[in-house]
Structures are given as C-alpha cells and as structure tokens.
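Chain by chain, the residues:
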Amino acid sequence: MTIDVSSILDRAEAIALCQRDLRSLGEILPEDARELERAFVQACTQRRAAAFTHLALAAIDQGRDVPVKHLEEGGALFLEIEHFIRCVSRMTGELSEGVIAALERGSMSVERDVIAICMAADRWLSEHEGEPVPPKLLAHARKLARRSVNYDLGVALHLWVIQGMAADETMGRLLEENGRPGPKDVRRTAEWIMGLLHKSMSTPVLSGISETPGPRTASGYTVRRAAPRIGRNDLCPCGSGKKYKRCCQASDQARLQDSSEIAGVTRKELEERKEEFLTQGRLLDMRSYEIVKLDPRKIEAGLLPVYLNRLIMFEELEKVVEIFEAAELGERVPDHWFDAVEHCCEHPQFRHLADRLFQARPANCDPTESLSLSCRIYQMRAEGESPLDLLEEAALGAVREDNGRFHKVLDVVYAALSGDLPGMGILLARGALPFLAGFERDMMEEAVQEARARLGMQINDPVEDVCDLLLAHPEVHTGLQATKAERESQKLIQSHVEETRKLKKRLGDLSRALEEKERTLRRAQEAERKPTSAGIPAAPGEADETIRELRSRLNEVQEALHSRHRERNALRRELEQVKAQGQPAPPVEARARARDAQADEEEEALLLAAGEGMEATQPLRVPVFPSRFRKTLEHLPAHVSAAALETIGRLAAGNPAAFHGVRKIRLKPNLLRQRVAASYRLLFEVNSEALQVVDLIHRRDLEARLKNL
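About the thresholds
Residues numbered from 1 in each chain as written. Predicted model: local features only at pLDDT ≥ 70, side-chain atom pairs only at ≥ 80, totals over all residues. Heavy atoms only, no water. Helix = DSSP H or I, 4+ residues; strand = E, 2+ residues; numbered from the N terminus. Buried < 20%, exposed > 50% of the residue type's maximum accessible area, 1.4 Å probe, protein only. Contact = heavy atoms within 4.5 Å. Areas by Shrake-Rupley, 256 points an atom, 1.4 Å probe, with all protein chains shown as cover. Phe/Tyr/Trp six-rings, centres within 6.5 Å; stacked < 30°, edge-to-face > 60°. pLDDT = per-residue confidence, 0-100. Core = buried A, V, L, I, M, F, W, Y, C linked by side-chain atoms within 4.5 Å. Polar contact = N/O pair within 3.5 Å; in protein donor to acceptor, adjacent residues only side chain to side chain. Patch = residues over 30% accessible without salt bridge, like charges linked within 9 Å, V, L, I, M, F, W, Y side chains within 5 Å. Salt bridge = Lys/Arg side-chain N within 4 Å of Asp/Glu carboxyl O. Axes fitted to C-alpha atoms, helices over the stretch in contact; angles between N-to-C directions. Left-handed = near helix turned anticlockwise from the far one by under 90°. Nonpolar A, V, L, I, M, F, W, Y, C, P; charged D, E, K, R; others polar. Parallel < 35°, antiparallel > 145°, perpendicular 65-115°, else oblique.

Asks: What's the story with the overall build of the protein in this structure? I'm lost.
Replies: Secondary structure assignment for the protein yields 35 helices and 5 strands. A total of 709 residues make up the protein; the buried ones form 46% of that total. Counting only contacts in the protein whose residues sit at least 6 apart along the sequence, the fraction spanning at least 24 positions is 66%. About 36900 Å² of surface is accessible on the protein, with carbon and sulfur atoms providing 52% of the total.

Asks: Before we go on, may I ask you to explain the packing of aromatic side chains in this structure?
Replies: Working definition: an aromatic ring pair is given by the centre-to-centre distance plus the angle between the planes. Under the criterion given, the structure shown has 6 aromatic pairs. Ring geometry for Phe 52 and Phe 78: centres 5.2 Å apart, planes at 75 degrees, overall edge-to-face. Of this pair, Phe 52 sits in helix 4 (residues 49-61) while Phe 78 sits in the loop between helix 5 (71-74) and helix 6 (81-88), and the two are 26 residues apart along the sequence. Taken together, the ring pairs connect Phe 40, Phe 52, Phe 78 and Phe 84 into an aromatic cluster.

Asks: How should the confidence of the model for the protein be read in this particular structure?
Replies: Parts of the model with low pLDDT should not have their predicted coordinates read in detail. Residues with a pLDDT of 70 or more make up 78% of the protein, whose mean pLDDT is 79. Here residues 476-480 scores under 50 on pLDDT; set against residues more than four positions off or in separate chains, the count is 4 contacts.

Asks: Please clarify how the environment of Lys 245 should be interpreted in this entry.
Replies: For Lys 245, the location among the structural elements is in the loop between helix 12 (186-202) and helix 13 (249-257). Spatially, the C-alpha atom of Lys 245 lies 8.7 Å from that of Leu 235, the residues being 10 residues apart in sequence. Setting aside its immediate chain neighbours within four residues, Lys 245 contacts Arg 232 and Asn 233.

Asks: For this particular structure, what's the right way to read the side chain of Arg 142?
Replies: Position of Arg 142 among the secondary structure elements: in helix 9 (residues 135-146). When its relative accessible area of 14% is taken as the criterion, Arg 142 is described as buried. For Arg 142, the contacting residues outside a window of four places in its chain are Asp 168, Thr 170, Met 171, Leu 174 and Glu 446.

Asks: Would you mind going over the nonpolar core with me for this structure?
Replies: It is characteristic of soluble globular proteins that their nonpolar side chains tend to be buried jointly. Core analysis: the largest hydrophobic core is formed by 75 residues, its most contacted members being Phe 84, Val 99 and Leu 137. Apart from residues no more than four positions distant in its own chain, Leu 137 is found in contact with Val 99, Ile 100, Leu 103, Ile 117, Ala 120 and Ala 121. Among the nonpolar cores identified, the runner-up in size contains 37 residues, and Leu 304, Ile 312, Trp 337 and Leu 357 belong to it.

Asks: Whenever I open this one, the environment of Arg 232 confuses me. Can you help?
Replies: Relative to the helices and strands, Arg 232 resides in the loop between helix 12 and helix 13. Looking at Arg 232, the relative accessible area reads 48%, which means it is partly exposed. When the C-alpha positions of Arg 232 and Gln 249 are compared, they lie 7.6 Å apart, and in sequence the two are 17 residues distant. When sequence neighbours within four positions are dropped, the list of residues in contact with Arg 232 reads Lys 243, Tyr 244, Lys 245 and Gln 249.

Asks: Explain the side chain of Arg 48 to me, please; I cannot follow it from the model alone.
Replies: Take Arg 48: it is sitting in the loop between helix 3 (33-45) and helix 4. Given a relative accessible area of 11%, Arg 48 falls into the buried group. A polar atom in the side chain of Arg 48 sits 2.7 Å from the side chain of Asp 10. Those residues in contact with Arg 48 that sit more than four places away from it in its chain are Leu 9, Asp 10, Glu 13, Ala 43 and Lys 293.

Asks: What's the story with a nonpolar patch on the surface in this structure? I'm lost.
Replies: A cluster of nonpolar side chains, namely Leu 388, Met 424 and Leu 428, defines an oily patch on the protein surface of about 230 Å² accessible area. Along the chain, the position of Leu 388 falls in helix 24 (residues 388-401). Among the residues examined, Leu 388 registers a relative accessible area of 46% and is labelled partly exposed.

Asks: Honestly, helix 23 (residues 373-382) in this entry has me stumped. Any pointers?
Replies: In an α-helix, one turn spans 3.6 residues, which is why side chains three or four residues apart end up on the same side. With 7 of 10 residues buried, helix 23 is to be regarded as a mostly interior element. All of the buried residues in helix 23 are Leu 373, Ser 374, Cys 375, Ile 377, Tyr 378, Gln 379 and Met 380. Two residues or fewer after helix 23 comes Gly 384, characterised by a positive phi angle close to 80 degrees.

Asks: What exactly am I supposed to notice about the pattern of salt bridges here?
Replies: Two side chains that carry opposite charge are able to pair once their charged atoms sit near each other. The tally for this structure, following the rule as stated, stands at 20 salt bridges. One salt bridge in this structure joins Asp 32 and Arg 34, with 3.4 Å as the shortest N-O distance. With its nearest N and O atoms 3.5 Å apart, the salt bridge here joins Arg 187 to Glu 191. With Arg 187 and Glu 191 both in helix 12 and 4 residues apart, the pair spans about one turn of that helix. With relative accessibility at 64%, the residue Arg 187 sits in the exposed group. Through salt bridges with shared partners, a single network forms among Asp 10, Glu 13 and Arg 48.

Asks: Would you mind going over the packing of helix 9 against helix 10 (residues 153-166) with me for this structure?
Replies: Between two packed helices, what matters for the description is the angle formed by their axes and the separation of those axes. At a closest axis distance of 11 Å, the pairing of helix 9 and helix 10 adopts a crossing angle of 140 degrees. Note on packing geometry: the crossing formed by helix 9 with helix 10 is left-handed. For the pair formed by helix 9 and helix 10, the contact residues are Leu 138, Ala 141, Leu 144 and Ala 145 on the first element and Leu 159, Ile 162 and Ala 166 on the second. Across the contact of helix 9 with helix 10, the residue classes break down as 7 nonpolar, no polar and no charged.

Asks: Before we go on, may I ask you to explain unusual backbone geometry in this structure?
Replies: Among all residues except glycine, the phi angle is most often negative; among peptide bonds, the trans geometry is most common. Phi is positive for Arg 47, which is not a glycine, with a value near 55 degrees. Looking at the element boundaries, Arg 47 is found in the loop between helix 3 and helix 4. Arg 47 sits in the buried class, given a relative accessible area of 12%. Of note in the backbone geometry, Ala 167 takes a positive phi value of approximately 50 degrees without being a glycine. Inspection of the secondary structure assignment puts Ala 167 in the loop between helix 10 and helix 11 (169-177). A residue is classified by how much of its surface remains accessible, and Ala 167, at 57% relative accessible area, is exposed.

Asks: Mind showing me how you'd approach the packing of helix 18 (residues 317-325) against helix 20 (residues 334-346) here?
Replies: Look at helix 18 against helix 20: their axes get within 11 Å of each other, and the N-to-C directions meet at 140 degrees. Here helix 18 is positioned oblique relative to helix 20, judged by the angle of their axes. Of the two possible hands of crossing, helix 18 and helix 20 adopt the one that is left-handed. Where helix 18 abuts helix 20, its residues Leu 317, Val 320 and Phe 324 lie against His 336, Trp 337, Ala 340, His 343 and Cys 344. A per-class count over the contact of helix 18 with helix 20 returns 6 nonpolar, 2 polar and no charged.

Structure, rendered in structure tokens:
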C-alpha cells in the first residue's frame, strides 16, 4: 500500500512541539523504511523546517533509523540547536561522511558547522583510535579558521577544540593570524566544551520538551498589538453600527493572541507576507531555508544586495542563478554577479551553475575587468577557447611587476591549480615552492596535494623533498654557513626526507602490485564469462583476499606518509623559528630522548606485563615468513634487516636469551612482540611446531598495524 507522504508531512508540520504530539506522530510513521525516507527527502526538498524537525524527533524517539545522509539537506532545517545535536548524534551511518556532505552543501550556520565537526571528529577518534581526523573534515575546519576573524568567541573556542583533536598546527596558526588566540588553558576549555556536548548528546531526545502544548509565547522582540485598543461599548470601527463587544471584539481577541513585532499584523500574516515587511535586521536573522523561500521580485530594491549576499553565503546558488536569469533583477545588482561566479568556479560542485551565470551575465558587467584569473580560465575553457594566451599574459605581468614579492606569481599558480589546469598548476607550483616559506609554503603544498588527489595521484609531490633538501642545506643556494643549532635541525629534516623517500617507493610498489592483481582478477572474471574460455582462472576468493591485503598495506603506508608529513612540517617551522630568532634549538639528543620516552609510554600501553603468560623453556620451531616479508626487508636499513633475521633464527631455535624482552599484545595475546635494533618491532606468533612471522615495522607504526590486524 502506498503511503501518502504529503499528509504525514502536513501532520508533522501542524502539531505542537510537545512530547504528546511527537509520540502521537511517531505512532503513525510508515513502517516501511523506504517510505519514511521518502518523507524525510520530501521535507528537505520542500524546505519544511518544522515538519523535518518533528519527523526526526518522533522517528528517533520511536527507535527508527534516520540515515546521516539527510544531514546534507536537513542540517539547516532543525528549529533549535539542541534538536540538531540530539538528532545528529543518533543518526545512523558514518557521521563524518554526513557532516562533510553538509559542510560542502554550505547551508548550515557557522555555529552548526563547528558543532557538527566537533561531533564527527569526536566519534571518529573514539571509533578509529590512532587514526587521524578525516582530511576532508580537517580541510573544512581550516576553511572556517581562515574566516574566524568574522565569528564570535563561541565559534572560535569550538575551532580550538577541533584543532586540539586533530593536533593540527596549521589550523592553530590560522586562528592566531585571524586574531583568535587560544584560551589560556586549551585542554580545560576543550574538556568543558566537549563535556557540555556529550551531556546534550546523551540526553533523551525528547527531554526538556513540554509534555503538552503550552501557551504560544513570543521572544526576541517587542510585541505590538495586532488589533487596535477599542472600548467594549464603543462603536465597532468596521462600520457595522454595532457596539464593538457585539461585533468584532471576539475576532480581534484572537488576533491579539497572535500579535507580532509589527502593529496591526499577526504572526501568521507576517509569515505569509514576509517580503512586504522585510527589513535588513530580519533578513540577517533568517536561516537558509527561510531565505530561499522569499520571492526576490517582491523584495525592496535596497534590500536585494543584502539578500544576494545571504544567498551566496549559504551557497543557495541555484536561487542566485535564477535571479540573474531574470534580467530585470540581475541588472540591479551587477557586482553580485562577480561574487556568484567566483564562488561557483572556486567549488567544483557548483561549476555547472557557473556556465548558466556566464550566459545570464548582466549587460552592465564586464568580466575582463573584475573576474579573477581562475574564473576567466574556466570561462574560456567552457566556451571552447584556449586559455594559454591569457596565462602567458598573466605570467609576464607577474614576472615584470612583482618585484620579488611573489604575490602575482602565486595568483597565476593558484589560478591553474584551482581551475581546470591542474597538471600545469602542479608544474608551476614546483617552480614557486622552493622560494616560499612558512604559511605560504604550507598552503601551496596543500593546494598541490588537492590537485594531485583530483587527478588520482599520490598526494605528496616530489618537489616537497627538494624544498626539504634546500632547507637542510641552505649553503647550496645562499652561500651562508648554518649555525650549530640550525645544523641540528637540518639533520632531523634530512632524516625525515630519507624516511619519506623510502615510504614513497614502498607506496609505489604496493600501488603497482595492487593494479596488477586487479587487472588479473578482471581478466579472470571476463574469462569465466566466456563459454569457450581456455585455461583455468585463479580462484576468485584467493585473488580477493590478496587484493584486500594489498589495500590494507597501502592504507598503512599512506597513513605513515601523512604522519611523516606532519612531523616534517613541524621540523620546518622549528628551523625557521631558529633562523628568525637566532635562538639555539633544543639539543638533538634531548629531543630524541623526549620522543623516545613518549613512544615507550605509548607502546607500553599496548602490551601485557613483562613475562605474563610466557613459558620459561621454548621448543625448536620452524620459522614461517609471510609472502611479502622479503620486500619488507628490502625497504629497511640493511643493519635492521640483518638484526631481524638473526633474531628470528634465535627465536626459532628456542634460545632463552632471544625470548628476553618478548611481550604479549594486550588486545591479541597470541601475538608476540620483540625489539629489533632500537626502533623496530618484530610481530610473530608461535605454536608447538612453527614460528609464524607477522610483520616487521617501525615502533611509531605499531598501534596502527595492530588495529589492521
């Protein structure tokens, strides 16, 4: 039986926000999950805020699943922030994916943005212990940090909480550079904010909502009478000749109960005729789902610029395009056409709207005067023209006029990277990056990584190693000898360069192996489908298992690369600080000891007590190696590989001294760990006949590897 979704939405919109009515609504919700999903989709499409909020509260109270994907369109529709927190925290699915989709949609307020990121990061870190915050989530947090000068203190504090959870120094610098320094005690502030958030998330979804409907109250403005003050025995002003008490008093009393902030107008009338009574203050107070319902043809001309600013801010760009397609409206606000085009070209998900905006360009707009270089490149490519002459002109202007400040050069590079020329942008960035430092270099590297990710390439570009080498050996390009403190920092950077290079080689080997296995599997599947297939294809189950194992290893190496990238950036900033201030860096030995002590503490938490469950005597066992172990040894320093093989031989021989220091893993007691050299760990399992080698890894990667096991 088909459910009438419209009637359910009408009922949801009409009820009062009270427990009685919400539970009553929950009882009539369709049992079929697909029908319930249709109701949520329709509420989002029609921007029915009350219906969406009441549906979500009622469904969650009844224990029904509300998929997190509805957050993309519905995040802005929740009537109150408390409803938002309680419902979002109980939505089903991967919260980080839903929050990222909602952030990319851009229709929520900034307060909801930061709270959603806090909730998503908190859940991710609790469910994926040891893994970093998802890169896309962190990218949106950084984007908010760049604009933090425009936000209030509450938003800034939430951003510092996110910065702490992600341990992202770039975000911290962005906040400080925008006049939002961290609180005196960041940790206590974060604990306080997250404590309040956890309390709200754990509170029953209907808690705090009245049991039955209460009297309708107004808040946030001065109530003006919706009906004039008239004596009961006076003649009724309607002209009927009757006394007021016998004519319109009863209807006016009903109007008075619904008085609004405007004299002579009820709240219902104000809701139905918003454009007629619109002011700048009301427009600035509206949320996205309210603004998009306004009819721009009925809005006063002086308010159109404010209206368009709000639409662009909320990324309701479809509505903006419709305004410019109505030529008589677009010509009143030509400057906002440029703003809309820039926004659409900057965000790939809105590029299709940029084409419509170019076609609807007001006659009083000259795109060659005010559009950025990246937008003009996009326009030319959309019109089938080559932008190379334009790029050459911009590049010549940058070279001639920049006078060493590099700003115009960066404009050219970013125009190519963010536009439709990512390959050229990467090559241009390679020429610029060696001359950049600090924040400018970090931002350029981030833009290059995003471009490489769009092209399906490894995110780390080879030019990053060149920058590190130049930083580690400044005498090559400056002729100046480094101080002792600088040389100590340079040695650490050089060490990270070598480590990163090995990881990249390993990542490339794994990627090629994975591609080859996937091609083999596809050929085998195609051969199976052919009736006259020659030869016997490999067993699909075995091939699938190999592919899963390769992907797991690939993810491990990628995570290790991300970790080294963060460490390298921290070392770069440390060296730059030493150079700028002329202060000596902490001795290498002291820093190494501090890192070793911290690593030992983290490792100890993963292990059982020394000697727990270990037998005093060990039998002779045959060592068994994983198929990829030879390649693992090839990517390690020679002395580490030699020490590992020697240790395995002594363990297999049952040498009591070899088992000294062997520890059991807390979460997997059958798995044993032994030290190899100073910084590497051998993972293995034993039975009565064999010693099964599991892996040989750097101790910094121990926790991540155990999770994958």
